[in-house]
Amino acid sequence: MEKKNTQNKKAKKKTRGIFKPLKFFTDDRFKLVLGLFFIVFALFLTLAFISYFFTWKIDQSFEWSGIFSSSDIKVENWSGKTGAYFAFLFLNKWFGIVSFLFPFLLIIIGFRLLNLKLLPVWKTIKVTIFSVILISVCLGFLFGDTGGYLGSGLGGSHGFLLSEWLNAFIGKTGTGFLLLVAVIAFVLFSFRKSLDWIRKPTPAKEDEINWDPFHTEKDKPVSIINLEEDDESDEDLMFETKEIKKEKEESEDVELTIEQQTGNDILTNGELKEKLLEDYDPTLDLSSFKFPPVSLLDDHSAENSIVSKEELISNKNRIVETLGNYKIQIDKIKATIGPTVTLYEIVPAPGIRISKIKNLEDDIALSLSALGIRIIAPIPGRGTIGIEVPNRKPEIVSMKSMITSKKFQESDYELAIAIGKTISNETYVLDLTRMPHLLIAGATGQGKSVGLNVLITSLLYKKHPSEIKFILIDPKKVELTLYSKLERHYLAKIPGIEDAIITDIQDITNTLNSLSIEMDQRYDLLKMGHVRNIKEYNEIFKNRKLNPEKGHRFLPYIIMIIDEFADLIVTAGKGVENPLARLAQLARAVGIHLVIATQRPSINIITGTIKANFPVRIAYRVISMMDSRTILDSPGANQLVGRGDMLISPGSDLIRVQCAFVSTTEIEKITEFIGSQRGYPSAFMLPEYSDETGGDMGDIDLQKRDPFFEEAAHIVVLHQQGSTSLIQRKLSIGYNRAGRIIDQLEAAGIVGPFEGSKARHVLIPDEYSLEQYLSKIDREETPL
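Residues numbered from 1 in each chain as written. Predicted model: local features only at pLDDT ≥ 70, side-chain atom pairs only at ≥ 80, totals over all residues. Heavy atoms only, no water.

Going residue by residue along strand β15 (residues 616-619), you find V616 and I618 tucked away on one face and R617 and A619 tucked away on the opposite face as well. As defined by bridge partners, strand β9 (residues 438-441) adjoins β15 across four bridges and the pair is classed as parallel. Counted as the bridge partner of L438 is V616 from β15. As defined by bridge partners, β15 adjoins strand β16 (residues 645-649) across three bridges and the pair is classed as antiparallel. Note that in β16 the partner of A619 across the bridge is L647. (Buried < 20%, exposed > 50% of the residue type's maximum accessible area, 1.4 Å probe, protein only. Helix = DSSP H or I, 4+ residues; strand = E, 2+ residues; numbered from the N terminus. Pairing = 2+ DSSP bridges.)

What follows is the structure, given as structure tokens:
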């Protein structure tokens, strides 16, 4: 082992020896010397070029081939023989007077090596080279061979000879047009704002363009402050304002309505036939229903403050200073202003390790005197490092701005949820059908209940009551009671309970099991319709390709929302977790989606089974990093600032979003508006569920069997499924009666005992065996 370590050390030393010469070129002292050389050489060339205009006659009287070998030859150029020779090459033989750009380029490179950035190096090199070539040809074309000190003209020999070749090839007119197009193309591609300048010949004042990114009017652009390489500023690290268009936040208060044309109450045979050929419209049951207008929502823009230029520059300087204290140099920095935090994207100098910056999270927070500093190293897909710094005065994201946003209005998502705004001030819209379930966690008072209200409000503004139903479970009994007015429009419940907002533990358990029955029934309908999901099923049902007399019906989406999941787990335990896990695993395809929220994100509450079936999670601020890892499988939620600041995990990435705000008053207005309209006779009824525990079957008298007993026995044996809902559907009877028949089948030994939400096991293999078994039962019960 020691021998192997010795060999490894020797190999490492040998490797270091190979690359030791390369280290010299990255040394700061080498860069300093090289930068000074470039600057001095640029001044030397400039002096030589200027001197050439006064001394060219004498200097060109000598033969250049022997000028350096003979000490008797004296030149008049102020930079000596070397200067005279370079001036002759650049000004006479090569590019003419445009050669003065080369010393300028050397100065830019020299100062950059001294860590003083005047202009972006690589862009300047490219622009300079193309400028020299193009201008030289243009001067050669315009002025030709003027002779004298410039030999072949102002464009030098290069410009003159190339322009002469073009004249011979395409003529002077063609050459002129070609050079004009080349100049325009060069300007457009070299200077980004040239196209805007051409389109708008009267630009705004420079200070209005560069430092007025903070508009109070909503239709103005939002700014990204960008440290580009071609910026101009007196700061050490220079800001430039790039403007991006912000999506139109709000429109006029427009009341969304669904209008249906109604005819006479009595239809003729022809009208009836035509009516039957039309697609089924589920909204006709409530054809007069009106969606709530956006005027019911409040606009909080007047309460919002503006992130000032001084705050941005102060934060930028402190970040740069803190990193500089640890010898971390920055090449570029860009600030993107969000509603709650500002994202500073930095590009470190080559050779800086990302982990070194990541470890300075606390130091940067200390220097900025701010909580909630989060470092993203690196930002996926950008190649930069992000530092999220909370704004001094966070912005309130109103629900009105979410609903009226173009992104939400034009969204084609089945269940669109406008949850809030990202760091770049873009409306963030989720599709619940693609999640397909949502887990929300965070400490008390951090915005979970508001987030649930935002989710419900988004769907109320998008979906007709016939298209979506909510099951609202509120163990705390105070958070979701405002929605009780929606019972006859949007809510679902099990038969036998009075309140549509479910708060009792036993009612909650029964509702979960009832929802499992509804899921099984829906899967049976999908199987009969030969489709794979609810969207395909509803589509063919609307096209009248499914017969309602055979049990087919339009299936609304069902959203079950649990406000405090931890209370249920502590109180009901497996009675809640098992049916919930089954729903999470299977319910997606049939349009049943779960949203659960908890303020206790511990591993005994958010178990592995729950996490495995809730891939999309939202984390509000939590107390510890362990809680953040429990929710998101990564830290970060412990560094949020609260008040709706959240991280969304739609996949492998984390997206920081400021949750929209909807007040209790706004919810009351919306529920009052909807509740005052004509609704359905009652809430949407889920299948009836009886708490079967598989107890003593001795009380069941098989001599008093139900008339449907034998027919039900044949059904369960034929399908090999001991399901109450199957008997209910096939025999068109009530759920309670079907449940009693199942009990009788169990007492007769045809089906097995109750197994929770699963179908009972069928004990008879085929119908022939069933006939023999039923005959045996009849013989045993026939009195002598």
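Next, the rest of the story.
Below, the discussion takes up the packing of aromatic side chains. All told, the structure shown has 16 aromatic pairs when counted by the stated rule. Taken together, a centroid distance of 5.9 Å and an interplanar angle of 5 degrees make the contact between F37 and F41 stacked. A residue pair is termed a helical-turn pair when its members lie 3 or 4 positions apart in one helix, as F37 and F41 do in helix α2 (residues 28-59) at four residues. On the basis of relative accessibility, which here comes to 48%, the residue F37 falls in the partly exposed class. (Phe/Tyr/Trp six-rings, centres within 6.5 Å; stacked < 30°, edge-to-face > 60°.)

Counted at 1.5 Å a residue, the expected span for helix α16 (residues 505-529) with its 25 residues is 36 Å, and the 36 Å between its end C-alpha atoms agrees. By the criterion of burial, α16 is predominantly enclosed, with 18 of the 25 residues buried. Where α16 begins, the capping side chain belongs to D504, and its oxygen is found 3.1 Å from the backbone nitrogen of Q506. Of the residues one or two after α16, H530 is the one with positive phi, at around 60 degrees. (Expected span 1.5 Å × (residues − 1). Polar contact = N/O pair within 3.5 Å; in protein donor to acceptor, adjacent residues only side chain to side chain.)

The next thing to look at is the packing of α16 against helix α17 (residues 534-542). Closest axis-to-axis distance for the α16/α17 pair is 10 Å, and the angle between their directions is 60 degrees. Classified by the angle their axes make, α16 and α17 are oblique. In the packing of α16 onto α17, the handedness of the crossing is left-handed. Facing α16, whose interface residues are R522, L525, L526 and G529, α17 presents I534, Y537 and I540. (Axes fitted to C-alpha atoms, helices over the stretch in contact; angles between N-to-C directions. Parallel < 35°, antiparallel > 145°, perpendicular 65-115°, else oblique. Left-handed = near helix turned anticlockwise from the far one by under 90°. Contact = heavy atoms within 4.5 Å.)

Tracing the backbone through its elements, the reader meets S163 in helix α6 (residues 156-190). Residue class for S163 comes out buried when judged on its relative accessible area of 1%.

Now for the packing of helix α18 (residues 565-572) against helix α19 (residues 574-586). Direction vectors running N to C along α18 and α19 enclose 120 degrees, while the axes themselves pass 7 Å from each other. The orientation of α18 relative to α19 falls into the category oblique. Mapping the contact onto sequence places F565, L568, I569 and A572 in α18 and K574, G575, V576, E577 and L580 in α19. Per-class residue counts for the contact of α18 with α19 are six nonpolar, one polar and two charged. (Nonpolar A, V, L, I, M, F, W, Y, C, P; charged D, E, K, R; others polar.)

This part takes up the sheet that holds strand β8 (residues 427-431). Through backbone hydrogen bonds, the strands of a sheet pair up, either in parallel or in antiparallel fashion. Spatially, the ten strands line up as an open sheet ordered β8-β7-β17-β16-β15-β9-β14-β13-β10-β12, and their pairing is mixed. A strand with exactly one partner marks an edge of an open sheet, and here the two such strands are β8 and β12 (501-502). One ladder, built from five bridges, connects strand β13 (residues 557-562) with strand β14 (residues 592-598); its direction is parallel. The partner of I559 across the bridge, within β14, is H593. Packed on one face of the sheet, α16 meets β10 (468-473), β12, β13 and β14 and runs near 155 degrees to β13. Sheet strands touched by α18: β10, β13 and β14. Its angle to β14, the strand with the most contacts, is close to 90 degrees.

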